[in-house]
Amino acid sequence: MSDFNLPGTIDRVDGRQKVTGSATYAAEYRPAGMVYGVLVGSRIAKGTIKAYDVKAAENAPGVLAVIHHLNRPNIPGYAAAEGDTGPGGLKLFASDKIYFDGQPVALVIADTCERAVHAASLVKVAYQKEAPQTDLLKIKDKAQAPKRGGAPYKRGEAGAWQKAPVTVQGEFLLPHEIHHPMEMGSIIAVWEGADKLTVYDKTQGVKSAQRTYAQLFGVPADNVNVISPFVGGGFGMAIRTWPYQVAAILGARKVNRPVKLMLDRSQMFTMTGYRPFTWQKIAIGASRDGLLQGITHEAVGASATYEEFTEGVVRMSQIMYACPNVDTLYKLAHLDVSVPTWMRGPGEATGAFALESALDELSYKLNIDPVELRIRNHADKDPENGLPYSSKFLKECYALGTEKIGWYKRNRTSKSMQEDGMLVGYGMSSGIFGAYRSPASARALLRADGTLLIQSAASDIGPGTGTAMVKIAADILGLPYDKIKFELGDSNLPPAPTQGGSGTTSAVGAAVHDVCTAVKEKLTELIKATHDTNFHPGDQPPAFKNGSIQTGNTVISFGELLRRNNLQEIDLTRNSKAGEERQKYSFYSFSVHFTKLHVHPDTGVVKIKEIVTVADAGKIISEKTAASQMIGGVIGGIGMALTEEAIFDHRYGRYVNSNFADYHVPVNADVPHIDVLFVNKPDPYINPMGAKGMGEISLIGYAASVTNAIYHATGKRIRQLPVTLDKIAL
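Because the structure is predicted, anything quoted here is derived from the model rather than measured.

Draft legend 1. Quick look at the overall build of the protein. Looking only at helices and strands, the protein features 18 helices and 31 strands. Its C-alpha radius of gyration of 27 Å places the protein within 12% of the 27 Å reference for a compact globule of 730 residues. Buried positions account for 62% of the 730 residues belonging to the protein. Summarising the internal contacts of the protein: among those between residues at least 6 apart in sequence, 81% fall at separations of at least 24. Considering the protein, the positive charge centre built from 78 side chains and the negative charge centre built from 73 side chains are found 2 Å apart.

So this is what it looks like as structure tokens:
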């Protein structure tokens, strides 16, 4: 990683709490009288429940309740929802139907966790089995367009790639991938009376969870308090409400005691979503000088039979390059699996693998450098709608990355370079993701002791949200970092959007900027009203530094200024949202990834040696945490490229590697030195700070840089992830 120990950088404000264990996560609260819930999962992937035998479980020591579809208490929010889903997804214990292996079929509640686990093992369920279908490739041709957003996309002429003098086409496969944050799905539900609920929850959106729980259980939203100040990673799995969370709240109401429910690692495969298996076919045509003439991109993604999930698999092909003719088609194959959800980089990361691999193949066919090919097809304006970009420094990303990794020293011919007896490959790819700004609010409380408290109901799944907000406030008010506290993760705080889609810094940061600016204006008013200073109308604006205001030769601390005006505090709240600029400009963040790797000439073992990742994400608020964001995304991309694959036994519709021994995520030995570079130029329109998102672009496109490097090293084009030895087969 690059050195970000520079003047003006800021350490992670919650870092000490996290490394010392003083940070409290959802499962670590201890409300009085707490008991424990354990879910029993279905042992079949499709069919119906014939009968339960729960007597042994009910009679086991410490057991308070065994809940299933025959005795489930009423969930009011299900009544108005048609079909098999309602608020929170699949209706919990709603019928005898089984839709996927591991589906919750019973909840056991006991006075200790160990007793609950034991009693859950005693629950017996008889099933009427049906043959499941979990193999997308077998039903790919029966895939259907999504009910929402399923219309084919066309710009210019469909199939125009076929008329180009130089063409490439290929099919690409990406397997099921599981989020697997360190903190597994966790919740503690506490009913304080019939219509007041407190939930300690692992969630990326306390306000969205609050709304869902209120709707489900028929209570006013203001009576639901969702608390989640620390989240041990999410990657998207905590972006929505799942049945396990509904189970805990339902169980707490049933036994009239706080219920804690925490998933085990195997349940994370089936109860919290995943990146869906996706088949893609892409075809690209270009002129002999490398100008794109047509792109056709088809995709079929896996979804559940009971709920439709869609994502932007073909989106990057529509918006990334200046191609006059683009047509895309996205369909769903409904399988007997649990519903997928967004995983870091969502569908764009899946689609980027196909697009950026095909472009690399095209570059070799044209004998044009892969970077040069992308520059020749750089879109100077949005190819979809013709709007100018709010900002775009993608060419600077290419320049920074090629210089850092020594790109132009590579021999452009594949299988032409060796080092220490290993084949050497260089690969690169690009990424793009929308730069968003949702409405958000923030409260600022400046106290007479000179400290500043900022509050917003945001979440922080690891990117350093609190750190960025402290930095924004400090830069505006001139306060030392240790005088500022950012409070988040509580639905009682001013509203903020769910953390996802790389939009938190843009949205919440704008609210923090606005409220701190309002505090600054209030302090300026107070200094004008303080007659024993040297400030006079028409003077230069006062300077804010180190918790004080300087006017002429007078320096007054914030606290002293408040005391002179008989104030204990300044308490302001501001709401912030985007304006008309969203209709005038196209807003995107961009990335470029470079990879150097070795491939063993006999075994095909791949070892990544060097990575350079470059981001155009507007103004970088906190370089340390931003660099960590980029590194984390790249590591996820290493997993996508080389290690991660959830494997089904299609006979039973069941995962065979639902554990950390057999599902492989990148470990320290898989991760080389990673250089992170930022263009670091503010976007003039997106928000007051000029900051765009980077959580998604850190991963989008990276996997293709690995497979492109493998091709450069070996001459072998890999179109199915992850890259295992049998696929290289030198």
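Draft legend 2. Quick peek at the nonpolar core. Membership of the largest hydrophobic core comes to 86 residues, with the highest contact counts inside it found for Ile 284, Leu 292, Leu 362 and Leu 597. Excluding anything up to four places from it in sequence, Leu 362 contacts Val 166, Val 168, Ile 284, Ala 286, Leu 292 and Leu 373. The next biggest cluster of nonpolar side chains, apart from the first, holds 50 residues, and it includes Val 199, Leu 250, Val 255 and Val 339.

Draft legend 3. Just the pairing of strand 21 (residues 452-455), in detail. With burial as the criterion, each face of strand 21 is covered, one bearing Leu 452 and Ile 454 and the other bearing Leu 453 and Gln 455. With four bridges connecting them, strand 20 (residues 440-447) and strand 21 associate as antiparallel partners. Bridged to Arg 443 within strand 21 is Gln 455. Hairpin connection of strand 20 to strand 21: four residues between the antiparallel strands, including Gly 450 at a positive phi of 85°. As a crossover connection, the stretch from strand 21 through helix 12 (residues 465-477) into strand 22 (residues 484-487) is right-handed.

Draft legend 4. Here's a closer look at the packing of helix 16 (residues 623-643) against helix 17 (residues 702-714). Relative to each other, helix 16 and helix 17 sit at 50°, their axes nearing to 8 Å. Regarding the angle of helix 16 to helix 17, the classification is oblique. The hand of the helix 16/helix 17 crossing is right-handed. Across the interface between the two elements, Val 634, Gly 637, Ile 638, Met 640, Ala 641 and Leu 642 from helix 16 touch Tyr 702, Ala 703 and Val 706 from helix 17.

Draft legend 5. Spotlight on the pattern of salt bridges. Scanning the model with the defined rule gives 24 salt bridges in all. Within the structure, one salt-bridge network assembled from shared partners comprises Glu 560, Arg 563 and Arg 564.

Draft legend 6. Quick peek at the sheet that holds strand 25 (residues 554-557). The strand order across the open sheet formed by three strands is 23-24-25, and the pairing between neighbours is antiparallel. The open sheet has two edge strands, strand 23 (543-545) and strand 25, and neither has a second partner. Going across the sheet, the axis of each strand differs from the next one's by a mean of 25°, ignoring polarity. Examined bridge by bridge, strand 24 (residues 548-551) and strand 25 share four bridges and lie antiparallel to one another. Bridge pairing links Gln 550 to Val 555 in strand 25. Seen against the sheet, helix 13 (residues 504-529) touches strand 23, strand 24 and strand 25 and runs at an angle of roughly 115° to strand 23.

Draft legend 7. Representation of helix 11 (residues 394-405) within the structure. The terminal C-alpha atoms of helix 11, which comprises twelve residues, lie 17 Å apart, in line with the 16 Å expected from a rise of 1.5 Å per residue. The set of residues buried in helix 11 consists of Leu 394, Cys 397, Tyr 398, Gly 401, Thr 402 and Ile 405. In a view along the axis of helix 11, the buried residues occupy a sector of 120°, so they form one face of it. Gly 406 occupies a position one or two residues after helix 11 and carries a positive phi of about 70°.

Draft legend 8. Expanded view of the environment of Gly 47. By the secondary structure assignment, Gly 47 is in strand 2 (residues 47-53). Looking at Gly 47, the relative accessible area reads 5%, which means it is buried. For Gly 47 and Asp 649, which are 602 residues apart along the polypeptide, the C-alpha to C-alpha distance reads 17 Å.

Draft legend 9. Examining the packing of aromatic side chains more closely. Within the structure shown, the criterion is met by 19 aromatic pairs. Aromatic pair Trp 407 and Phe 594: ring centres 5.6 Å apart, planes at 70°, arrangement edge-to-face. Remark: Phe 594 occurs in strand 27 (residues 588-599) and Trp 407 occurs in the loop between helix 11 and strand 18 (418-419); sequence separation between them is 187 residues. Assigned by exposure class, Trp 407 and Phe 594 land together as buried. Taken together through their ring pairs, the aromatic side chains of Phe 269, Phe 648, Tyr 655 and Tyr 663 make up a single cluster. Lying across the ring of Trp 242, Arg 240 places its NZ or CZ 4.4 Å from the centre. One cation-aromatic arrangement involves Arg 410 over Trp 407; the distance from NZ or CZ to the ring centre is 4.3 Å.

Draft legend 10. Local environment of the packing of helix 9 (residues 346-366) against helix 17. One can describe the packing of helix 9 onto helix 17 by two numbers: an axis separation of 9 Å at closest approach and a directional angle of 30°. Taken together, the axes of helix 9 and helix 17 are roughly parallel relative to one another. The two elements helix 9 and helix 17 meet at a crossing, and its hand is right-handed. Where helix 9 approaches helix 17, its residues Ala 352, Phe 353, Glu 356, Ser 357, Asp 360 and Tyr 364 are matched on the opposing element by Ala 704, Thr 707, Asn 708, Tyr 711 and His 712. Taken together, the residues that form the contact of helix 9 with helix 17 break down as five nonpolar, four polar and two charged.

Draft legend 11. Here's a closer look at the confidence of the model for the protein. A residue-level look at the protein finds 98% of positions with pLDDT of 70 or above and a mean pLDDT of 96. Throughout residues 1-7 the model reports pLDDT below 50, and contacts reaching past four residues in sequence, or to other chains, amount to 16 contacts.

Draft legend 12. Spotlight on the sheet that holds strand 20. Spatial strand order, 22-21-20-26: four strands in an open sheet with mixed pairing. With partners counted over all chains shown, the strands left at the sheet margins are strand 22 and strand 26 (569-576), one partner each. Here the average twist between neighbouring strands, direction ignored, is 15°. Relative to strand 26, strand 20 runs antiparallel, the two sharing eight bridges. Opposite Leu 445, over in strand 26, you have Asp 571 as the bridge partner. Contacts from helix 12 reach strand 21 and strand 22, with the element oriented near 135° to strand 22. Its contacts with the sheet place helix 13 against strand 20, strand 21, strand 22 and strand 26, and it is angled at close to 140° to strand 26.

Analysis parameters
Residues numbered from 1 in each chain as written. Predicted model: local features only at pLDDT ≥ 70, side-chain atom pairs only at ≥ 80, totals over all residues. Heavy atoms only, no water. Helix = DSSP H or I, 4+ residues; strand = E, 2+ residues; numbered from the N terminus. Rg over C-alpha atoms; globule rule 2.2 N^0.38 Å. Buried < 20%, exposed > 50% of the residue type's maximum accessible area, 1.4 Å probe, protein only. Contact = heavy atoms within 4.5 Å. Lys, Arg positive; Asp, Glu negative; His and termini not counted. Charge placed at Lys NZ, Arg CZ, Asp CG, Glu CD. Core = buried A, V, L, I, M, F, W, Y, C linked by side-chain atoms within 4.5 Å. Pairing = 2+ DSSP bridges. Right-handed = clockwise from strand over helix to strand, strands pointing away. Axes fitted to C-alpha atoms, helices over the stretch in contact; angles between N-to-C directions. Parallel < 35°, antiparallel > 145°, perpendicular 65-115°, else oblique. Left-handed = near helix turned anticlockwise from the far one by under 90°. Salt bridge = Lys/Arg side-chain N within 4 Å of Asp/Glu carboxyl O. Expected span 1.5 Å × (residues − 1). Arc of directions from axis to C-beta. Phe/Tyr/Trp six-rings, centres within 6.5 Å; stacked < 30°, edge-to-face > 60°. Lys NZ or Arg CZ within 6 Å of the ring centre and 35° of its normal. Nonpolar A, V, L, I, M, F, W, Y, C, P; charged D, E, K, R; others polar. pLDDT = per-residue confidence, 0-100.

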